[in-house]
Amino acid sequence: MRHIHTVIRAADAAGAGIRRLVLMDPDGWPLPKFRPGAHVDLHLPGGLVRSYSLCGDPAQQDRYTIAVKREAAGRGGSAFLHDQAAPGDAIGVSLPRCTFPLAPDAVEHVFIAGGIGVTPFLSMMAALERSGGRYRLHLLHRGALPLPDMLAAHVAGGRVILHDTAAAPRPELAALLGSPAPGRHAYCCGPAGMIAAFEAATAGWPAGAAHVEHFVPPPLPPDPSAQPFTLVLAKSGREAALPAGANLLAALRGLGIEVESSCEGGICGACRVRWLEGPPLHRDRVLQPQEREREVMVCVAGCAGPRLVLDL
Amino acid sequence: MAVDPTWLGVVTHLHITARAFLPMRSMAAIELVAGKGIVGDRYMLGIEQGFYSEKPEPGRQITLFEEEALDCIRRDYGIEMTPEEHRRNVTTRGVPLNHLVGRQFRLGECLLEATRLSVPCRHIEAILERPVFDPMIHRSGLNCRILRGGTVRVGDPIRPA
């Protein structure tokens, strides 16, 4: 099992063009914990992988709640989750990752959300309500509210301010954010144009006090010596151009080559492959020097030259 | 094989989980089934749902981990790791697990045979969000086959067969 095995337990409409899904373990077992602001990857049929923020309360450990906006011009992930995914269906989910955490040293959080971009702030607000943290959310939306039931208590409490851009001019983000102050952190999740405007508005803020959510996986630890190279499979004659720092094991799987693997950290010896031309950059801790002259652990290796030819 | 009479250990924690990635659940007692696994655990043969279940392995019916290794990881790396975080089923104290490969030993009323050392996996770092892979090398516990099943409880003795 390479993913968390979940089942859709509930699905409902939750605002304009938004479908909310509740994912649970088949037996209701607790799921891996997540931090406020975290997201998961959903593994959908056809190899589609899509990231969604978890918008439920992190203290509710038996479920992941996501909200999916239908993207008419999307590549099929949101259409599948709107039109085909149904309660009872199984969905593979990655471990939660938090690339948009609450600043631990903040005394006040100012959130700017655009439409469905409110989702990471919902988990943050649940945690801040519990811990007594100070926050304010400005939600810019056009017409119907996203996830109105999850926002209602926060709106009534005065800590979420709604800006309906269909009814009034779009507010200046700088005015909503106020001035930078010690312990004040600003966050933005929304369309690319809003993120650009937010970055402009916070350009004068102290380093590390302004945060934006991009749905990209955390980068691998950089290897300053990594170079792009061509992967060549001697037996099949196939080739692939790999960017600097690419994972060789993943590249082989992408070419449809079955390679045993286990630890994927260069110590267990499962993914040993013979190489013919290179030389590889060995980063394992399992091969002896004389073994390295012929073999390579592809889960961690790179290539020192322009071509790596494997005996596959 | 000569029996080493110099150690006597104890079960300090018991954990199982239903599927890969899910949090381990602390148990006061677990049920071992000879030749199969632990009732309710992800590596029970026949209903396997563990991270490595695509690769069946009869010697992975139950796994053990030294509580002393947690002490050492704290000492050597300053990393706190709790018994439910190492993801093995049985946490032991006073048992030289690395010496037992290929040998039989008693876990409470049950009889186990150690098949190989456990190897840490990178994915535990994603689960824990802590760099524990290197610290766990060579002290990541023991994989065993269950020769005689039964109930194991926290506090049960562990001794050579």
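Only a predicted model underlies this, so the values are computations on that prediction, with no experimental measurement involved.

1. Some words on the interface of chain B and chain A
And step 1. If you look at the interface, chain B gives 26 residues, while chain A gives 23 residues.
And step 2. At the boundary of chain B with chain A, total buried surface from both sides reaches about 2,100 Å², with 58% on carbon and sulfur atoms.
And step 3. It is B:Arg19, B:Phe21 and B:Lys55 in chain B that bury the most area against chain A; as a group they hold 26% of the surface buried on that side.
And step 4. One can count 3 salt bridges joining chain B with chain A.
And step 5. For A:Arg35, the salt bridge goes to B:Glu129, with nearest N and O atoms at 3.4 Å.
And step 6. At the surface where chain B touches chain A, the tally comes to 5 residue pairs in polar contact (both at pLDDT 80 or more).
And step 7. For the side of chain B that touches chain A, the secondary-structure elements that each account for two or more residues are α2 (123-128) and α3 (133-136) of chain B.
And step 8. At 3 residues, α2(B) tops the list of elements feeding residues into the side of chain B that touches chain A.
And step 9. Among the residues forming the side of chain B that touches chain A, the class breakdown is 15 nonpolar, 4 polar and 7 charged.

2. Points about the pattern of salt bridges
And step 1. Considering all chains together, one arrives at 28 salt bridges over all chains under this definition.
And step 2. A salt bridge links A:Asp284 to A:Arg292; its shortest N-O distance comes to 3.4 Å.
And step 3. Residue A:Arg292 is classed as partly exposed on the basis of its relative accessible area of 25%.
And step 4. In this structure, B:Glu85 engages B:Arg130 in a salt bridge whose closest nitrogen and oxygen atoms are separated by 2.7 Å. Separated by 45 residues along the polypeptide, B:Glu85 in the loop between α1 (67-77) and β6 (90-93) and B:Arg130 in the loop between α2 and α3 bring together distant segments of the chain.
And step 5. Take B:Glu85: its relative accessible area is 17%, and that puts it in the buried class.
And step 6. On the accessibility criterion, B:Arg130 (25% relative accessible area) is partly exposed.
And step 7. Linked through salt bridges whose partners overlap, the residues forming this network are B:Glu67, B:Asp71, B:Arg74, B:Glu80 and B:Arg93.

3. Observations concerning the side chain of B:Thr151
All names here are of chain B.
And step 1. Within the secondary structure, Thr-151 sits in strand β10 (residues 150-153).
And step 2. In this structure the side chain of Thr-151 is engaged in a polar contact, spanning 2.9 Å, whose partner is the side chain of Glu-31.
And step 3. With near-sequence residues (within four places) excluded, Thr-151 lies in contact with Ala-29, Ile-30, Glu-31, Glu-109, Cys-110 and Asp-156.

4. Structural notes on the packing of aromatic side chains
Residues and elements named next belong to chain A.
And step 1. Under the criterion given, the structure shown has 7 aromatic pairs over all chains.
And step 2. Judged by centre distance (5.6 Å) and plane angle (65 degrees), the ring pair of Phe-100 and Phe-121 falls under edge-to-face. Here Phe-100, found in the loop between β6 (90-93) and β7 (108-114), pairs with Phe-121, found in helix α2 (residues 119-131); they are 21 residues apart in sequence, far enough to count as distant. Across the pair, exposure class does not vary: Phe-100 and Phe-121 are buried alike.
And step 3. An angle of 80 degrees between the planes, with centres 6.0 Å apart, marks the rings of Phe-100 and Tyr-187 as edge-to-face. Placement of Phe-100 in the loop between β6 and β7 and of Tyr-187 in strand β10 (residues 184-189) is noted, with a sequence separation of 87 residues between them. Take Phe-100 and Tyr-187: they sit in the same class, and that class is buried.

How each quantity is defined
- Residues numbered from 1 in each chain as written.
- Chains lettered and ligands numbered in written order.
- Predicted model: local features only at pLDDT ≥ 70, side-chain atom pairs only at ≥ 80, totals over all residues.
- Heavy atoms only, no water.
- Contact = heavy atoms within 4.5 Å.
- Buried area = accessible area lost by both parts, 1.4 Å probe.
- Salt bridge = Lys/Arg side-chain N within 4 Å of Asp/Glu carboxyl O.
- Polar contact = N/O pair within 3.5 Å; in protein donor to acceptor, adjacent residues only side chain to side chain.
- Helix = DSSP H or I, 4+ residues; strand = E, 2+ residues; numbered from the N terminus.
- Nonpolar A, V, L, I, M, F, W, Y, C, P; charged D, E, K, R; others polar.
- Buried < 20%, exposed > 50% of the residue type's maximum accessible area, 1.4 Å probe, protein only.
- Phe/Tyr/Trp six-rings, centres within 6.5 Å; stacked < 30°, edge-to-face > 60°.

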